Amino acid sequence: MASLWTSTTAITAFLLILFIHSGHSPAAAFYLPGSYPQRYRPGDTLAPKVNSLTSPSSKLPYPYYSLPFCAPQHGARHAAESLGELLLGDRIETSPYRFSMLNNTATPLFLCRTDPLPPGTAELIKSRIDDAYQVNLLLDTLPVMRYVKNPVAPDVLLRSTGFPVGVRADDGEYYVYNHIKLTVLVNKQNTTTRAETLMATADGADLLSFTGGKEGSGYTVVGFEVVPCSVEHDAAAVKNKTMYDEITSKAAAGCDPSVVSMRVQDNRPLVFSYEVAFVESGIEWPSRWDAYLEMGGAKVHWFSILNSIVVVSFLAVIVLLILLRTVRRDLAQYEALGGSESGTHADELAGWKLVAGDVFREPSHPVLLCVLVGDGVRILGMGVVTIVFAALGFMSPVCRGALVTGMLCFYLVLGVAAGYTAVSLWKTVRQGDADGWKSVAWRASFAFPGIGFAVFTVLNCVLWYNGSTGAVPFLLFVVILLLWFFVSVPLTLVGGLLASRVRHIEFPVKINKVARQVPAAQCSPWLFVVVAGTLPFGTLFIELFFIMSSLWLGRVYYVFGFLLVVLALLVTVCAEVSVVLTYMGLCVEDWRWWWRAFFASGSVALYTLGYAVYYLVFELHSLAGPVSAALYVGYSLLMALAVMLATGAVGLGASFCFVHYLFSTVKLD
């Protein structure tokens, strides 16, 4: 075990090095194969796209054109989206905004004049304004960014992606932001390398049309900013205007967001316009995401890691004391007394030595335990592989939805690990008897995936009913179902088949035919199990805050280097806590350690769920509507269950290794 602690320390040190090289500078990971700079020549057309309307208070995204915004002349078209984008509720469509590289607009450009608003449409706009819905534009994959003054410190600018649909003024009237001032930051590139040429074009003819057969200069988009305004255009200025015509508007001059005038009223049309300016910037293309990925609280992350290291070290000292002093002393005493429980020395023997014939007795509900551990190993493996790939930069925000897509793919493939672990544990518990392994593998393939799919289906039906883009399309819903039945389930069964043909782990001691009576405990051991969850939660809760903020407040989370280190520390703490509680139980002659080992570390899920409630009350107090609350509660319960399975599997695995090592040193007559 001392060597185990040394290897754990080495792994943690390796992860710290990996964090320093991969997680410290997020932008450094973006220039990857498949992620190339798109170059534009002066005069080339740029066409921003629109994403779903989102809100920090309502978790129901809606299509952009669900409100009476201007549509392209030839109609809106959906952009190609990945599996992860669809699962996240993104619906990217073409927009009417058009402009040319380096072509600044001297005057506002007319977009459209809507029909007079019916009362229902006007009320819908007001409802979206009350729920703080945001318009999300994209240019060259960059979300539009808005800068506003900090009300507490006016000299400090706050950044946020998107801009509000409108605002409710102090007079109680609603105003829509119908004019936007766009600023495109560009960086001039003097040469085009051969490697970028091959990545950026699929056909050599495209390259020749761009550079005229020679390497030349071009511009890359490195920033996209917006200032929204509410202006009331003169009726004469927009009369008989068509899309992209220049209009003279004194109201749009200056574009002051603090002055609003385009009121939302029944039977009154809305007029939309925009202007654009290009600014040459020194920001390099690989660094253009830095403004989006700068996360505050780096000191907090370091404090979390240092706090976790202290907890890990403290528990490691306890485990080493148990192994190097207490256990060895007990073994020496046991061997000196002849390894027998009878005779004059029986009173001198106590604790774990007396349960050698029962410690490996089959636990209650063994099938359920095997299934939970198998699913836990799958979830833990998915988390580790996903975080490692993300920390190395292979799942950057450039590829929208890549993180969710990767998680789903890894989860499907790791069905092999779930089936193998569940059946291996089943054979070990049954002392080599593989009968019933098919039932165990089948249940492992349907347990957590079935619960997750049931919650997902119910919540998806709610989103369908409300017309939200967060609802997964029916075709994709069928695809996910088919992936479960024709990829996940077969792989789980394959893993179970492999485990059924592999030699099981043999117990170092024989099991008595009659179970030993467990002495009455002065205090319920399950109380210690519940309290034990505080230590793993202390390792996790700071990062949990940032993860929850990313999930529910739309903030970008990209410090996967920190998260990888925290995950390693969490696994270590869970293993140590479970080992300590297992040893404490054996010392009071309680050989029923299997389930307690699982829940000793798995009880962190209770605190995770409690923190979710705290976050809902104090951080999401503006959450609007029962549907948003149902989404939050449903996915929080699913997250807590996943945490319980993953940490419980770690705890049981560590305790089994400890107990096997401990009793393999006992010499019995």
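Residues numbered from 1 in each chain as written. Predicted model: local features only at pLDDT ≥ 70, side-chain atom pairs only at ≥ 80, totals over all residues. Heavy atoms only, no water.

Observations regarding the overall build of the protein
Here is step 1: Helix and strand counts for the protein stand at 19 helices and 16 strands.
Here is step 2: The burial tally for the protein puts 50% of its 669 residues in the buried class.
Here is step 3: Nonlocal contacts in the protein, meaning residues at least 24 apart in sequence, comprise 84% of its contacts between residues at least 6 apart.
Here is step 4: As displayed, the protein has an accessible area near 30,900 Å², and 63% of this comes from carbon and sulfur atoms. (Helix = DSSP H or I, 4+ residues; strand = E, 2+ residues; numbered from the N terminus. Buried < 20%, exposed > 50% of the residue type's maximum accessible area, 1.4 Å probe, protein only. Contact = heavy atoms within 4.5 Å. Areas by Shrake-Rupley, 256 points an atom, 1.4 Å probe, with all protein chains shown as cover.)

Structural notes on the confidence of the model for the protein
Here is step 1: Model confidence for the protein is summarised by a mean pLDDT of 83, while 83% of its residues fall at 70 or above.
Here is step 2: Low pLDDT, under 50, characterises residues 1–34; the stretch is placed with 48 contacts to residues that sit more than four places away or in other chains.
Here is step 3: Note that residues 339–348 has pLDDT below 50 and, in this model, 13 contacts with residues that lie over four places away or in other chains. (pLDDT = per-residue confidence, 0-100.)

Structural notes on the pattern of salt bridges
Pairing is possible between side chains that carry opposite charge, provided their charged atoms lie close to one another.
Here is step 1: Scanning the entire structure with this criterion turns up ten salt bridges.
Here is step 2: The closest approach of N and O atoms between Asp358 and Arg361, which form a salt bridge, is 2.6 Å. There is no split in this pair, since Asp358 and Arg361 are both buried.
Here is step 3: Through salt bridges that share partners, Glu362, Arg430 and Asp433 make up one connected network. (Salt bridge = Lys/Arg side-chain N within 4 Å of Asp/Glu carboxyl O.)

A short note on empty space enclosed by the protein
Here is step 1: Applying the stated criterion to the full structure yields two cavities of 30 Å³ or more.
Here is step 2: Taken as a whole, the largest cavity holds about 90 Å³ of empty space.
Here is step 3: Along its surface, the largest cavity is lined by 14 residues, and Phe69, Tyr97, Phe163, Tyr177 and Phe272 are the ones closest to its centre.
Here is step 4: Listed by contribution, the elements that provide at least two residues to the lining of the largest cavity are strand 11 (163–164), strand 14 (179–189) and strand 16 (271–280).
Here is step 5: Split by residue class, the lining of the largest cavity holds eleven nonpolar, three polar and no charged.
Here is step 6: Approximately 30 Å³ is the volume attributed to the second largest cavity.
Here is step 7: If you go around the second largest cavity, the residues you meet are Leu67, Pro68, Phe69, Ile125, Val165, Val176, Leu270 and Phe272.
Here is step 8: A breakdown of the residues in the lining of the second largest cavity according to their chemical character gives eight nonpolar, no polar and no charged. (1 Å grid on protein atoms, 1.4 Å probe; cavity = no way out; pocket = protein on both sides within 12 Å on 5 of 7 lines; lining within 4 Å. Points joined across faces, edges and corners; volume = space filled by probe spheres on them. Nonpolar A, V, L, I, M, F, W, Y, C, P; charged D, E, K, R; others polar.)

Observations regarding the state of the cysteines
Here is step 1: Inspection of the entire model under this criterion finds two disulfides.
Here is step 2: A disulfide bridge connects Cys70 with Cys112, and the sulfur atoms are separated by 1.8 Å. For the disulfide bridge between Cys70 and Cys112, the dihedral angle about the S-S bond is near -80°, and by the sign convention the bridge is left-handed. Taken as a pair, Cys70 in the loop between strand 2 (49–50) and helix 2 (83–87) and Cys112 in strand 5 (residues 109–113) lie far apart in primary sequence, 42 residues in all. Grouping residues by exposure puts Cys70 and Cys112 together as buried.
Here is step 3: Each sulfur in the disulfide pair Cys229 and Cys255 lies 1.7 Å from the other. Disulfide Cys229 to Cys255: torsion about the S-S bond roughly 110°, handedness right-handed. With Cys229 in strand 15 (residues 218–229) and Cys255 in the loop between helix 6 (235–238) and strand 16, this pair connects stretches of sequence that are 26 residues apart. (Disulfide = S-S within 2.5 Å.)

A word on the pairing of strand 9 (residues 145–149)
Here is step 1: Taken together, the five bridges between strand 9 and strand 10 (residues 157–161) define a ladder with antiparallel strand orientation. Paired with Met145 across the two strands is Thr161, which belongs to strand 10.
Here is step 2: Relative to strand 15, strand 9 runs parallel, the two being bridged by two bridges. Each residue of the ladder has a partner; that of Met145, found in strand 15, is Glu225. (Pairing = 2+ DSSP bridges.)

Notes on the sheet that holds strand 15
Here is step 1: Read from one edge of the open sheet, six strands run 5-16-14-15-9-10, paired in mixed fashion. Only two strands of the sheet have a single partner each, and these edge strands are strand 5 and strand 10. Across the sheet, the mean angle separating the axes of adjacent strands is 30° when strand polarity is ignored.
Here is step 2: Relative to strand 16, strand 14 is paired through eight bridges, and the arrangement is parallel. Paired with Thr183 across the two strands is Ala277, which belongs to strand 16. (Axes fitted to C-alpha atoms, helices over the stretch in contact; angles between N-to-C directions.)

Thoughts on the packing of aromatic side chains
Here is step 1: In total, this model carries 38 aromatic pairs according to the counting rule given.
Here is step 2: When the ring of Phe360 is compared with that of Phe663, the centres are 6.3 Å apart and the planes differ by 75°; the resulting orientation is edge-to-face. Taken as a pair, Phe360 in the loop between helix 8 (298–336) and helix 9 (366–391) and Phe663 in helix 19 (residues 625–664) lie far apart in primary sequence, 303 residues in all. We note that Phe360, like Phe663, is buried.
Here is step 3: When the centroid spacing of 5.8 Å and the interplanar angle of 20° are considered together, the rings of Trp595 and Phe599 count as stacked. With Trp595 and Phe599 both in helix 17 (residues 594–602), this residue pair falls four residues apart, about one helical turn.
Here is step 4: Exposure remark for Trp595: the relative accessible area of 13% places this residue in the buried category.
Here is step 5: According to the relative accessible area criterion, Phe599 is partly exposed, its value standing at 25%.
Here is step 6: Feature note: the residues Phe537, Phe541, Phe545, Phe546, Tyr607, Tyr611, Tyr614, Tyr615 and Phe618 constitute an aromatic cluster, connected by ring pairs.
Here is step 7: Over the ring of Tyr62 we find Arg128, and its NZ or CZ is 3.9 Å from the ring centre. (Phe/Tyr/Trp six-rings, centres within 6.5 Å; stacked < 30°, edge-to-face > 60°. Lys NZ or Arg CZ within 6 Å of the ring centre and 35° of its normal.)

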